[in-house]
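Structural features, examined
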Amino acid sequence: MRFLGCLLCVGAVSAASAGELRDLRLWDSPEGTRVVLELSDSTPHKVFTLDNPARIVVDLPGIRGAGLANKTTGKGAVSHVRAAQREEGLRVVLDMKQTIAPRAVLLDPAEQYGYRLVLDLAGPGDEDVADVAPVTAAKPDSWIPRPIIVAIDAGHGGEDPGAIGHGGLMEKDVALSLSRKLAALINREPGFKAVLTRDGDYFIPLRDRVKRARKAEADLFVSIHANALKNRSMRGSAVYVVSPRGVTSEHARWLAQKENAADLVGGVGLHDKDDELAAVLIDLSQSSTMEASFDVGTRMLKQLGSVNVLQRPQVQQAAFMVLKAPDIPSVLVETAFITNAEEERLLRDPAGQEKLVRSLLEGIKGYFESYRPREQRPADGPRLQKVRNAAGDEMSRRASAE
């Protein structure tokens, strides 16, 4: 065995205090494995690696909980979890399938969570977001049809459950179920292709969801959620687009704050967002993207009204981070109130889910019947995409790629 070095040592705790390991959770995603150790107290933890065989060791001074840790099953890059109680505290050992240098951060309590030591074990590299069908070769400067790409974003996931209904239904689960159903319907439509930002129970930072849509060259971004309020009588479906001047109501502002806080729950800070997002909003206000978002959002809202009551008869605006792509029409759908007993049953019922996603599909199809994207590939230079503004005038724009 060879000691490779201490990777992280942060936090503070009194030597006299005795805390406990409340939970140990593992989440696997296409980008890697996340290990979350939920603690009753902060602690000056130490994380280091050993090799032959590959292991990650986590020392938690003043913490107890070896029995709970030893009951945890390995997942993803972690083949086995074991722990031992030592005089100075708890030692947790992650037996690894391969050598990985972890990134670790200690998070303060948030909502239903206590202190969380989060270890991100990145995989060998990001895989392609989607297997987008190649475009048939064409003569330079000729317009050719191409598949319509719809990026579907299942809200929350993994460590972030989202809202929870009084019957126990979790927003992250219903959002994924609805997203998969909508993707299946879209893929059955000729000339359409769906891309899921997540296709499992794992967390994706909000900004990365938009990056995945842009990487897939999406023509539309649809984020699926379920609404929630303490008032159990509140009900209704809603559709949001981004607002360049902030939110348009106190309720929308509250929702925006809750959705944006998901990055903190997932362990990713948002300290650098202000300037960048302000620039994105300026770009949105100067382009046709906002108008297109309102167009498709209005069509989707009208169709939702045939399945459920509407919270409001018009598309609403809020500062949701996932809606701020400067070049993709984007909408966020609050399908129903998970905190309303009747609407929670609608969200749980497979037949109810089918009605909801079919209404969204009709709105999407109606939008693209008026605007069918085509692309132009000159002999040299970037791909150009044909867009239409509110007046129906066509223009070419440079398609973005990261």
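Positions within a chain are numbered from 1, following the residues in the order the chain's sequence is written. Given that this is a predicted model, residues contribute local features only at a pLDDT of at least 70 and side-chain atom pairs are listed and counted only at 80 or more, while totals for whole chains, interfaces and linings are drawn from all residues. As a rule here, side-chain values come from all non-hydrogen atoms in the structure, and water together with hydrogens is ignored.

1. With respect to the overall build of the protein chain
- Secondary structure elements are taken from DSSP: a helix is a run of H or I of four residues or more, a strand is a run of E of two residues or more, and numbering for both begins at the N terminus. Counting its secondary structure elements, the protein chain contains nine helices and 20 strands.
- Where accessible areas are quoted, they stem from the Shrake-Rupley method and a 1.4 Å probe; at the residue level, only the protein chains shown are allowed to cover. Summed over all atoms, the accessible surface of the protein chain reaches about 18,200 Å², with 50% contributed by carbon and sulfur.

2. Describing the pairing of strand β8 (residues 89–96)
- For the exposure calls, accessible area comes from a 1.4 Å probe over protein chains only, and a residue counts as buried if that area is under 20% of its type's maximum, exposed if over 50%, partly exposed in between. Summarising burial for β8: seven of the eight residues are buried, a large majority.
- Direction of pairing for strand β7 (residues 78–86) relative to β8: antiparallel, over a ladder of eight bridges. What sits directly across from Gln-85, in β8, is Leu-90. Should DSSP find at least two bridges between two strands, the strands are taken to pair.

3. Quick notes on the sheet that holds strand β6 (residues 63–64)
- Judged by pairing direction, the sheet is mixed, and its five strands sit side by side in the order β6-β2-β3-β10-β9 without closing on themselves. The open sheet terminates on both sides in strands that have one partner only, identified here as β6 and β9 (103–107).

4. Observations regarding unusual backbone geometry
- Here the amide bond leading from Asn-52 into Pro-53 is cis, since omega sits at 0°, within 30 degrees of zero.
- Of note, Pro-53 is situated in the loop between β4 (46–50) and β5 (55–61).
- Of note in the backbone geometry, Asn-52 takes a positive phi value of approximately 55° without being a glycine.
- Structurally, the position occupied by Asn-52 is in the loop between β4 and β5.

5. Examining helix α9 (residues 350–370)
- Expected span, for any helix, means 1.5 Å times one less than how many residues it has. In a regular helix each residue adds 1.5 Å, so 21 residues correspond to 30 Å; α9 covers 31 Å between its end C-alpha atoms and thus fits that length.
- Those residues of α9 lying buried are Gly-352, Gln-353, Leu-356, Val-357, Ser-359, Leu-360, Leu-361, Gly-363, Ile-364, Gly-366, Tyr-367 and Phe-368.

6. Comments concerning the pattern of salt bridges
- Salt bridges are identified by distance alone: a Lys or Arg side-chain nitrogen within 4 Å of an Asp or Glu carboxyl oxygen. By the definition in use, this model includes 17 salt bridges.
- Across the pair Arg-34 and Asp-120 runs a salt bridge whose closest N-O atoms are separated by 2.7 Å. Placement of the pair is Arg-34 in strand β3 (residues 32–39) and Asp-120 in strand β10 (residues 115–122), with a sequence separation of 86 residues. Here the two residues Arg-34 and Asp-120 agree in accessibility, since each one is buried.
- Across the pair Arg-235 and Glu-343 runs a salt bridge, and its minimum N-O distance is 3.1 Å. Placement of the pair is Arg-235 in the loop between β14 (220–227) and β15 (238–242) and Glu-343 in helix α8 (residues 341–348), with a sequence separation of 108 residues.
- The class of Glu-343 is buried, set by a relative accessible area of 1%.
- In this structure, a network of salt bridges that share partners links the residues Asp-23, Arg-25, Glu-38 and Glu-159.

7. As for the sheet that holds strand β17 (residues 330–337)
- If you walk across this open sheet you meet the six strands as β13-β12-β14-β17-β15-β16, and the pairing is mixed. Edge positions in the sheet fall to β13 (192–196) and β16 (316–318), since each of these pairs with one other strand and no more. Each strand of the sheet is rotated relative to its neighbour by a mean of 30°, with strand direction disregarded.
- Two residues form a contact once any of their heavy atoms are found within 4.5 Å. Each axis is a line fitted through C-alpha atoms, taken for helices only over the stretch in contact, and angles between the N-to-C directions span 0 to 180 degrees. Sheet contacts for helix α2 (residues 171–187): β12 (148–154), β13, β14 and β17; angle to β13, the most-contacted strand, approximately 160°.
- The sheet contacts of α9 involve β12, β13, β14 and β17, and relative to β14 the element is tilted by about 155°.

8. As for the side chain of Arg-55
- Mapped onto the fold, Arg-55 is located in strand β5.
- For the charge count, each Lys or Arg is scored as positive and each Asp or Glu as negative, with His and the chain ends excluded. This buried residue, Arg-55, is left without a salt bridge; Asp-95 holds the nearest opposite charge, at 5.1 Å.

9. With respect to the nonpolar core
- Among the nonpolar cores identified, the biggest contains 61 residues, and Val-150, Ile-186, Val-222, Val-333, Leu-347, Ile-364 and Phe-368 are the most heavily contacted of them.
- No other element matches the seven residues that α9 contributes to this core.
- Apart from residues lying up to four places away in sequence, Val-333 is in contact with Val-222, Ser-223, Ile-224, His-225, Ala-238, Val-239, Met-300, Leu-304 and Leu-360.
- Membership of the second largest hydrophobic core comes to 27 residues, among which are Val-58, Val-81, Leu-106 and Leu-121. Among buried residues, those of type Ala, Val, Leu, Ile, Met, Phe, Trp, Tyr and Cys that are joined through side-chain atoms within 4.5 Å constitute a nonpolar core.

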